[in-house]
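Coordinates in review
Each chain, written out:
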Amino acid sequence: MGQITQEQYNTSKQNHRNLHIRVNLLDFDYRTLSSFEGNLTSGSLASDANSNMRNTCDIELVVTDSSFDISAQGKIWLDRLIQIYVGVDDIRTGDTIWTNEGIYLINQPSYTYDAVTNVMSFQGVDLMGRLTGLRGGYLNERYLIPKDSNVREVIIAALEYNDFSAYVVNECQNVDGEIQAVPYDMEYDAEATWWDVLEGLMNILPNYQMYFDNDGVFHYEPVPYRANEPIRMTDDVWKQNVVSEQVSYDFESVKNSVKVLGATHEIEYFPSEQTISGNTLQLTIAGLSALNDGTMIGFTPPADMTGAIQIAVGSLGAKPLVDDKGAAITSLKKEEYYAAIYKTDKNGWLFIGHLQALGIFEDTNPDSPFYINNPAGKIAITLMGGDYENIQTDDLAYQRAKWEIYQRCRLNDTIQLTTVPIYWAEVNWMVSYTPLGQKVVKQYLIKSIQTDLSPDGQQTYELVNYYPYYE
C-alpha cells in the first residue's frame, strides 16, 4: 500500500488546486532517461482491482521536436517505460506536492498532424503486460509445477525468469495460518503465458491478489478480508471532495447458496468388501499388497461413522484418516463415495473427500440481508467445469464456495462517487464513508478509480459495501 504524506493529505482538502503533470521516461531497470512537463494536452488514468492489468492510462501530448519520433532512437519505443506524476501546489508553502501514478508500458502510439500542432497519443498499460502476451510473456514450451510445491517459491522463480527483481510475495496461507502448497500438478502448454501460470497460483486460495504497484514492485498478498482491516480514507477527505453519488444493487448476481463441484478423481483401487469395527473401516482390495506413497482408494462406508476414523486395507494394518493438517476425520456418511490417498509423511490416509470434490456453503447468518431463510429464500447456483475442475479436495471446494458466497452476496451492494480528484487513492483500500442523507458510517472497498487529468477533471470511484470474509 502507498504511504500518504501529510502534504498530500493537505492538498487533497484545498478548495483551489494548481495542477501539474510530469512524465518520466524510464528504461526497464526503472532508471529515468528524461522527463518533461507542459507537453500534456489531455490524459486519463484507470485502476481496476478486478483486472489482471490493474492500471492503465491514455496520454495525449504536443510533440515539440524530433526526439518524440516513434523510433528506436527516439523517446517513444518498445524499450521505454513511462512514469506519471501528478503535482498539486500547496497553497501554504508554494511547494508542488507530487504523487506517483504508476509505471506503464507504452502501447499503441500514434501521431495526429494539423496546421497548428503536432499531437501524439498513446496508451499505457502496467507492467503485467510483460507477462500476459501483450509484450512478451509466452512460455514457448510446456511448463509443469509439481504437486506440493511452495507457492511463494514458484511465483518468485517465475518473476526472476522474466527479469523482475522487485517483488513482495507472501506465503500462500489459509485463515488458520497453515501454508497451502500447490494442491495438484499444474501443467501449461507452450502457447500459455506467464500470467496464466501466476493466475493459476493466485487462485489456489480465493482471497489473494496479484498486481504491480506504482513503483513497479510486484505484489502477491491477500485482499482486505478481516473485520479489523485499517481504514485508509474517511469522511474527513470524502466530504471535501464528493460531488455526487449513486447507489446500486446487483440483484441479478446475488446468490446465497453455492455448490462447487471440482475434480473427479480416477480411483486406482476399490474394495470388494467393506466392514466397520468401532471407528475402523476394514477394506478388502484385491491387488493392493503394499501401501505406497500416492496410492489412491475409493470406498463407500456401509454405515455412518464417527470418531477418529481409521482405514485398514487387508492385513496392512489400520491407518488414520486425516485432513491436510493431520487432524483426524471424525465423520463419514453411509454409502457416500469417498476417496483417500496414502501419504507416507503422515503414515496414514489423506482424506480427499467425495469422488468429485464437493463444497457447499450458504448464508445462514440471521443478521445478514442475504440470509437463506429471509422471505426471498434460497437463491442457489452450482459451479463446475473450467477452473473449478482444478479443485482437488472437498476442503478446497468448501473454501471456494465460501468465497463465491462472499463475491456473489457481499460484493454486489455498490456506490459510485464522483469527486474532485484525490490523486493518492488506490483500489482495494478499505475506506469509511457516510452516504449522502444518512447518518450511519459504512465501510467500503475501493474496486475501481477513473481519473480525468485535465485541470477541471473529475474522478469516479466504485465502492462496494464491505463485509468481512473472516471475523
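Residues numbered from 1 in each chain as written. Predicted model: local features only at pLDDT ≥ 70, side-chain atom pairs only at ≥ 80, totals over all residues. Heavy atoms only, no water.

1. Observations regarding the overall build of the protein chain
Secondary structure summary: the protein chain contains five helices and 29 strands in total. Dimensions of the protein chain, computed from the C-alpha atoms along their principal axes, are close to 90 × 55 × 35 Å. Counting all 471 residues of the protein chain, 50% fall into the buried class. Once local pairs closer than 6 in sequence are excluded, the contacts in the protein chain between residues at least 24 apart make up 68%. Within the structure as shown, the protein chain displays about 22,100 Å² of accessible surface, and the carbon and sulfur contribution to it stands at 46%. Treating the 32 positive side-chain charges of the protein chain as one cloud and the 63 negative ones as another, the clouds have centres 5 Å apart. (Helix = DSSP H or I, 4+ residues; strand = E, 2+ residues; numbered from the N terminus. Buried < 20%, exposed > 50% of the residue type's maximum accessible area, 1.4 Å probe, protein only. Contact = heavy atoms within 4.5 Å. Areas by Shrake-Rupley, 256 points an atom, 1.4 Å probe, with all protein chains shown as cover. Lys, Arg positive; Asp, Glu negative; His and termini not counted. Charge placed at Lys NZ, Arg CZ, Asp CG, Glu CD.)

2. Section: the pattern of salt bridges
Going through the model one piece at a time under the given rule, you end up with 11 salt bridges. Note that Asp236 is salt-bridged to Lys13, the shortest N-O span being 2.9 Å. Of this pair, Asp236 sits in helix H4 (residues 235-241) while Lys13 sits in the loop between helix H1 (6-11) and strand S1 (19-26); the two residues are 223 residues apart in sequence, bridging distant segments of the chain. Residue Asp236 is classed as partly exposed on the basis of its relative accessible area of 37%. Its relative accessible area of 27% is what places Lys13 among the partly exposed residues. (Salt bridge = Lys/Arg side-chain N within 4 Å of Asp/Glu carboxyl O.)

3. Focus: the sheet that holds strand S14 (residues 257-264)
The three strands are arranged S24-S14-S25 in an open sheet whose pairing can be described as mixed. Each end of this open sheet is capped by a strand with a single partner; those strands are strand S24 (356-362) and strand S25 (380-383). Averaged over all pairs of adjacent strands, the angle between their axes in this sheet comes to 15°, without regard to strand direction. Note: S14 against S24, six bridges, orientation antiparallel. Within S24, the position partnered with Val258 by the bridge is Phe361. (Pairing = 2+ DSSP bridges. Axes fitted to C-alpha atoms, helices over the stretch in contact; angles between N-to-C directions.)

4. Some thoughts on the sheet that holds strand S11 (residues 208-212)
The strand order S9-S12-S11 describes an open sheet built from three strands, whose pairing is mixed. Of all the strands in the sheet, just strand S9 (167-169) and S11 have a single pairing partner and so form its edges. Each strand of the sheet is rotated relative to its neighbour by a mean of 20°, with strand direction disregarded. Of the strand pairs in this sheet, S9 and strand S12 (residues 218-222) are connected by three bridges, and their pairing is parallel. Paired with Val168 across the two strands is His219, which belongs to S12. Packing of helix H2 (residues 151-161) onto the sheet brings it into contact with S9, S11 and S12, and relative to S9 it is tilted by some 160°. The strands touched by helix H3 (residues 194-202) within the sheet are S11 and S12, with S11 carrying the most contacts at an inclination of about 145°.

5. Here's the deal with the pairing of S11
The buried fraction of S11 is high, at five of five residues. Across the two faces of S11 the burial is the same, with Tyr208, Met210 and Phe212 and Gln209 and Tyr211 all buried. The pairing of S11 with S12 spans five bridges and is antiparallel. Directly across from Phe212, in S12, lies its bridge partner Phe218. From the end of S11 to the start of S12, which pair antiparallel, there are five residues, and Gly216 there has a positive phi angle of about 80°.

6. Let's talk about the side chain of Asn150
Here Asn150 shows up in the loop between strand S8 (143-145) and H2. Polar contacts involving the side chain of Asn150 include one to the main-chain amide nitrogen of Arg152, which spans 3.1 Å. Side chain to side chain, Asn150 and Glu171 meet in a polar contact 3.2 Å long. In contact with Asn150, other than residues within four places in its own chain, are Glu171 and Ile179. (Polar contact = N/O pair within 3.5 Å; in protein donor to acceptor, adjacent residues only side chain to side chain.)

7. Looking at H2
Along H2, the residues classified as buried are Val151, Val154, Ile155, Ile156, Ala158 and Leu159. Where H2 is buried, its residues meet S8, S9, H3, S11 and S12. Two to three positions downstream of the cap, the backbone nitrogen of Arg152 sits 3.1 Å from a side-chain oxygen, assigning the N-cap of H2 to Asn150. At the exit of H2 stands Asp163, carrying a positive phi of roughly 70°.

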